[in-house]
Amino acid sequence: MVGYVARRALQIIPVVIGISVITWLMMSLAPGDAAEIYARQFAENERPTPADIERARKELALEGHPIEQYLRWAGRAVHGDLGRSFRSGRYVVREIMIYLPATLQLTASGALVILVIGLPMGVVAALYHNRWPDVLARFFALLGVGLPSFWLALLLIWLFAVQLQWLPSVGRGDWRNLILPALALGIVGSGSYTRLLRATMLDALSQEYITAARARGVGPAGVVIRHALRNALIPVVTKFGLTFGALLSGAVFVETIFSWPGVGKFAVDSISAKDYPSVQGFVLFASLTYVAANFLIDVVYPLIDPRIGSRARASA
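Because the structure is a prediction, the values reported are computed rather than measured.

Reading the values: rules and limits
- Residues numbered from 1 in each chain as written.
- Predicted model: local features only at pLDDT ≥ 70, side-chain atom pairs only at ≥ 80, totals over all residues.
- Heavy atoms only, no water.
- Helix = DSSP H or I, 4+ residues; strand = E, 2+ residues; numbered from the N terminus.
- Buried < 20%, exposed > 50% of the residue type's maximum accessible area, 1.4 Å probe, protein only.
- Contact = heavy atoms within 4.5 Å.
- Areas by Shrake-Rupley, 256 points an atom, 1.4 Å probe, with all protein chains shown as cover.
- Phe/Tyr/Trp six-rings, centres within 6.5 Å; stacked < 30°, edge-to-face > 60°.
- Lys NZ or Arg CZ within 6 Å of the ring centre and 35° of its normal.
- Axes fitted to C-alpha atoms, helices over the stretch in contact; angles between N-to-C directions.
- Parallel < 35°, antiparallel > 145°, perpendicular 65-115°, else oblique.
- Left-handed = near helix turned anticlockwise from the far one by under 90°.
- Nonpolar A, V, L, I, M, F, W, Y, C, P; charged D, E, K, R; others polar.
- Salt bridge = Lys/Arg side-chain N within 4 Å of Asp/Glu carboxyl O.

Q: What is the right way to read the overall build of the protein from this model?
A: Scanning the protein from terminus to terminus reveals 14 helices and zero strands. Looking at the protein as a whole, 42% of its 316 residues are labelled buried. Considering only intrachain contacts with a sequence separation of at least 6, the fraction spanning at least 24 residues in the protein is 72%. Accessible area of the protein: about 16,900 Å², with a carbon and sulfur share of 66%.

What follows is the structure, given as structure tokens:
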């Protein structure tokens, strides 16, 4: 198990290097002179002096050969220094840490909605194959997959905030402010999980080991939970790693529509203000979130299916 995790960790290194190169290129390929924009934000006058621009170029690690620039920027990034925001003047890492708790809260709530709705419906649809519960589950899954999250968010605001006036529509206050954005994220995501788990459960229930378990006298609940569901969860766990990474890196549309002060809204505001260091920081954060989520899923695989760990040890 330790060797399996170590090999997975080593495979991440070239991916992280590639992500850092692409993230750094954003600054050099962006329109305009980033150093001039940065100096204009903090200059005493509206027009920065050449000394101000040169000082900004040095602070942004834009001096010398492009390879030297990248190495300086990467060295700072390793130590948690992604530069300062053009808008606030605070360090980008600090800015992300300010917005991250709100995104974590929304991510956890959206993931909970996905698990509570999507997984039970997928199991029920498989158990009642081609009967009315299956038809309803497939209809819900089709709606969930086809509805854009921003359109569903607007629909929820119109129904529950404007018409019924049950829930607030913007801001981050108490638990009531969390319900609508969490539903907007979770309902859209749960549709694909219903379809996926239904398909994998149907495949698992048709296998010979299910017939053998029933022949041994295993009860219906044991057959479904211990045998069919455990094997059907492998592709679901894979998808959940990608989904959680997407949610954590910032549900941009949902956070913007609900004025939720998370990382996604921070990214939109940074793009509008041409705040290049903040945009870089968001892209790096989002990419590393995907990498970390998939690494954790790789670690969890052998716990769900011991055969994966056995194959990894055999190939070592």
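Q: Would you take a moment to explain the packing of aromatic side chains for this structure?
A: In this description, a pair of aromatic rings is defined by centroid distance and the angle of the planes. Under the criterion given, the structure shown has four aromatic pairs. With a centroid separation of 5.9 Å and 50 degrees between ring planes, the pair formed by Phe150 and Phe253 is classed as tilted. Highlighted residues: Phe150 in helix H7 (residues 149–163) and Phe253 in helix H11 (residues 252–257), separated in sequence by 103 residues. A cation over a ring is seen here: Lys239 above Tyr193, with NZ or CZ 5.5 Å from the ring centre.

Q: Even after reading the chapter, I still don't get the packing of helix H8 (residues 176–205) against helix H10 (residues 220–248), so can you show me in this structure?
A: Helix packing for two helices is described by the angle between their axes and how far apart those axes are. Put simply, H8 and H10 touch, their axes get as near as 9 Å, and they point 150 degrees apart. Classified by the angle their axes make, H8 and H10 are roughly antiparallel. Judged by the twist between their axes, the crossing of H8 over H10 is right-handed. Contact with H8, carried on its side by Leu185, Ser192, Tyr193, Leu196, Leu197, Thr200, Met201, Ala204 and Leu205, involves Val224, Ala228, Leu229, Ala232, Leu233, Pro235, Val236, Lys239, Phe240, Thr243 and Leu247 of H10 and no other residues of that element. Its residues assigned to classes, the contact of H8 with H10 comprises 16 nonpolar, three polar and one charged.

Q: Help me understand the pattern of salt bridges, please; the structure alone is not making it clear to me.
A: As a working rule, side chains carrying opposite charge can pair if their charged atoms are close by. Using the criterion set out here, one finds four salt bridges in the structure. Linking Arg90 and Glu95 is a salt bridge whose minimum nitrogen-to-oxygen distance equals 2.7 Å. With relative accessibility at 36%, the residue Arg90 sits in the partly exposed group. Of the charged contacts in the structure, one is a salt bridge between Asp134 and Arg138, with a shortest N-O distance of 3.6 Å.

Q: Before we go on, may I ask you to explain the environment of Val124 in this structure?
A: You can see Val124 is positioned in helix H5 (residues 92–127). Overall, Val124 belongs to the partly exposed group, its relative accessible area being 34%.

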